[in-house]
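So the chains spell out like this:
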Amino acid sequence: MNPTNLTIKPTMRIKAFYLFFIMTSIQTGSGIMGVPRYIYMQSKQDAWISVLIAGVLVHIVLAAMFAILNHYENTDILGVQTDLFGKWIGKLLGTIYIIYFFFVLLSVTMDYIQVVQTFIFPRLSAWVLASVLVLLIVYAVMSGLRVAVGITFIFFFLSLWLLVFLYKSVTYMEITHFQPFLSASPLELLQGARHTSYSYLGMEILFFIYPFISNKEKAKLATHLGLGMTTFLILLVTVISIGYFSPGELPEQIWPVLVLFKIVEYSVVGRFDVLVVTEWMMVILPNMILLAWMISHITKRLYHVQQRKVLMVVAILLLIGAGITKHEYFILQFINGVAASGFWIAFVYPIILLPMVWLKGKWKKSKKAGAKT
Amino acid sequence: MKKRGSRRGKSKELLPSSIENLKTNLQEAMHNNPDFQMQEFETGSQRMLVFYISIIVKKQQLNNHILTPLLEGDKQWTSEKLSNALPLGNSVAQTKMEEIVDALIMGSVGIYIENETELLTYPIPDQQKRQVDKSDKESTVLGPQDSFTESLTTNINLVRWRVNTGDLVTEKMIIGERVPTEIRLMYLKSLANKEDVQTMRQRLQDLVVDRIEDATPLTYYIEDSSTSIFPQFYQTELPSRFSYSLTKGRVGVLVDKSPTGIMAPTSLFSFFESTEDVYMRWNVGSFIRILRFFALIISALLTPAYVAAITFHYEVIPTPLLTTLGSSRAAVPFPPVFEALLLELLIELLREAGARLPTKVGQTIGIVGGIVVGQAAVAAGLTSNILIIVVAISALASFTAPSYLIGSTIRVIRFPLILMSGILGLIGIMASICFLIIHLLKITSLGRPYLLPMYPFVGKDFSKTFYRLPYYFNFKRSYSYKPQDMIRFPKKKSRKMKDIDE
């Protein structure tokens, strides 16, 4: 039996159609709440160009990921790594993925808890919120990928309506905030593009979920569309934020996207942002559930430990990690650290990996041809 | 059957025997039942014994169709002649005591002619049953009004006449080790998904239980997840609903002695469907169905949202509304959670009392409980009158569900939701909603996802689940449950659009 290829039971497979939602949901989470500020700090009023540049680059990375995966029959990145580097280095790289995903999960949890503490409950203990979130994650991941994907799918639609309420801030946009056009240097634009990376993190899930897809021929379209959706969302909030906030104000806002909703007011709802922060749980939960599923899945693949046990350990670590951190500054630093390492793992690594896969394939072919003659 | 036979344990050869012998044997086997009657007759030179349990056989039939022909004109009888001569169908020749006793218990009359090798039993059971009546648990304005009764024969009769096609299969099964109950598995052979039928059959066959009380407890034995609060099989007392599901390719189960039909597989959304939506025009039907989904959300979330907003999030309420709320709550000494739980409990008490009391008293209790207590509570400053409105609306909304089971589920779910909103405010409500959705995604009905067609996503079935479309769009059956035959009727050729004044 070839250890590289995976066989997935037909009942556990999912349709390529859902990749769109998986992609959008895992990327749109805590990152998008603050992303306009980070880009703006680099490339000022041209931040939206940075977003477009980042979008194009990310699509290229995705194409590279597909090229790597399609080089094999039905495998995930772990199989590829084992094939390329052998058992031990493959395991090591897989472990790096586990740790990395855990840190992403932890950063998302801490970020959301902080948002809730800032907007709704200033004096609520982080332990309480962390345990609520952890319980939900454990309950969902317990039933496996199909339920996780279902949550992603349903919550996507249940939170999509938030977009509608951006209309109010659109009406307050100032066109002068975008002028002068193209004043940022190319380097600044690229720097800005790089700072979107935290919002694009999570697309590595394709590396792990790909063997589960039943109709692979449609996977490319769905995934690229999902990524396009993420780019569109980031572009949308960036453009609105630049237009809405005055130049000096935007860098002051940690979560400009949430503040955008503050202007919305109706005769039945006063502070709309409170509802948005509440609703945001539906945005980040699929994110967290997919991450937790990946951690448990990878650990099982690498070390043959029961997914249940891994999940329990992850839950406890997550609870402790999110419970004890209190300082805003530390959380920001932590997120920046995750974003920086994510940049290398999620975007640079596949690009490096692709030529290696090609070379290995060529080498194998020539070896085979050599053996024949 | 075998098991119960062996319990009595009689292996000695019973027939042929003399009348006296048989009499003592029977008397012993029937445990000296006072209703057990044996009559001895002599025609010609023969002696014969007619025996039965007097209170469960039709006396008139016994006299007219058995005793009269038997005793008229001094004939010589043999068992064979007898079974040909008596105008009653399905006579059974018996030789074993256990089987004879079983037949007697089921309302048969036994006839034995002395020295024959077998005796005959004729089933003439006298079953007491209620007339087919108007349904009061699931009443509809339009469409058929009849409902199932406790008699299986009546129920099958009702369904058979509605679905009068040879395709309808009714498989007979006996469940219950100590008290056997007959059940029927019903489905349309060329339509129902074979996998579903097989799953249901398997679950029924595998069920080992001493006795099933009714159709409802039967579902608890065979459903997918016993721990869930959501019902996973649809239960109805409407033959029209039952037949409607059969013709959509579902599997139905009827249970003897129960006025409830079980249907599976089902989804959460089918609990908000009523056959009435089908009788209505499609646009009106759609409106009412969407209204019910809104009612679901209102009844589950309105009170918790009120509690959350009043306890934690005053800033969400706009100032003019806040003053109204504040003045109404000014005199109330309790925290909002407690106040809401108190009122919800009052409503539940009223509902439960209304269900238990006789109809005439029930109305009085409704007025006393609802109006008098409610008014007095507000006047005494125990609750705010806005909360009374909120609680009343959510209670009202929970009764719009066509299925009583799902209505009660929602009413129960409300209490943990109120508690969560009292502890964590909107975050608590949101966490509970997320929990419920995850839970709904997990459960299945007869192995099929409970949230079909939402997840797994089957967009083509939305017009059958969430809203309705004109009939010519519904020429196919629902994809979600994979019936054998998808096409209901041939699709109409699209009519050419006529120009104005053409």
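Residues numbered from 1 in each chain as written. Chains lettered and ligands numbered in written order. Predicted model: local features only at pLDDT ≥ 70, side-chain atom pairs only at ≥ 80, totals over all residues. Heavy atoms only, no water.

Notes on the side chain of B:Arg329
Residue and element names in this part refer to chain B. Turning to its location among the elements, Arg 329 is positioned in helix α12 (residues 319-329). Take Arg 329: its relative accessible area is 16%, and that puts it in the buried class. Contacts of Arg 329, omitting those with residues within four sequence positions, involve Tyr 306, Ile 310, Phe 334, Pro 335, Pro 336, Glu 339 and Ser 384. (Helix = DSSP H or I, 4+ residues; strand = E, 2+ residues; numbered from the N terminus. Buried < 20%, exposed > 50% of the residue type's maximum accessible area, 1.4 Å probe, protein only. Contact = heavy atoms within 4.5 Å.)

Focus on empty space enclosed by the protein
All names here are of chain A. One pass over the structure, following the stated rule, counts four cavities of 30 Å³ or more. As a volume, the largest cavity reaches approximately 290 Å³. Surrounding the largest cavity, 20 residues form its lining, Thr 28, Ser 159, Leu 233, Trp 280 and Val 283 being those nearest its centre. At the level of secondary structure, the elements contributing two or more residues to the lining of the largest cavity comprise α1 (19-27), α7 (144-160), α12 (219-244) and α14 (272-303). Tallied by class, residues from the lining of the largest cavity come to 16 nonpolar, four polar and no charged. Looking at the second largest cavity, it is lined by 16 residues, and the ones nearest its centre are Ile 26, Val 104, Tyr 198, Leu 201 and Asn 287. Mapped by element, the contributors of at least two residues to the lining of the second largest cavity are α1, α5 (87-119), α10 (197-200) and α14. If you tally residues by element for the lining of the second largest cavity, the top one is α5, at four residues. A breakdown of the residues in the lining of the second largest cavity according to their chemical character gives eight nonpolar, seven polar and one charged. (1 Å grid on protein atoms, 1.4 Å probe; cavity = no way out; pocket = protein on both sides within 12 Å on 5 of 7 lines; lining within 4 Å. Points joined across faces, edges and corners; volume = space filled by probe spheres on them. Nonpolar A, V, L, I, M, F, W, Y, C, P; charged D, E, K, R; others polar.)

Brief notes about the packing of aromatic side chains
Following the criterion strictly, the structure yields 50 aromatic pairs over all chains and no others. Each ring, one from A:Tyr18 and one from A:Phe153, has its centre 5.4 Å from the other, and the planes form 90 degrees; the classification is edge-to-face. Taken as a pair, A:Tyr18 in the segment before α1 and A:Phe153 in helix α7 lie far apart in primary sequence, 135 residues in all. Among the residues examined, A:Tyr18 registers a relative accessible area of 5% and is labelled buried. A cation over an aromatic ring shows up here: B:Arg250 above the ring of B:Tyr481, its NZ or CZ 4.1 Å from the ring centre. (Phe/Tyr/Trp six-rings, centres within 6.5 Å; stacked < 30°, edge-to-face > 60°. Lys NZ or Arg CZ within 6 Å of the ring centre and 35° of its normal.)

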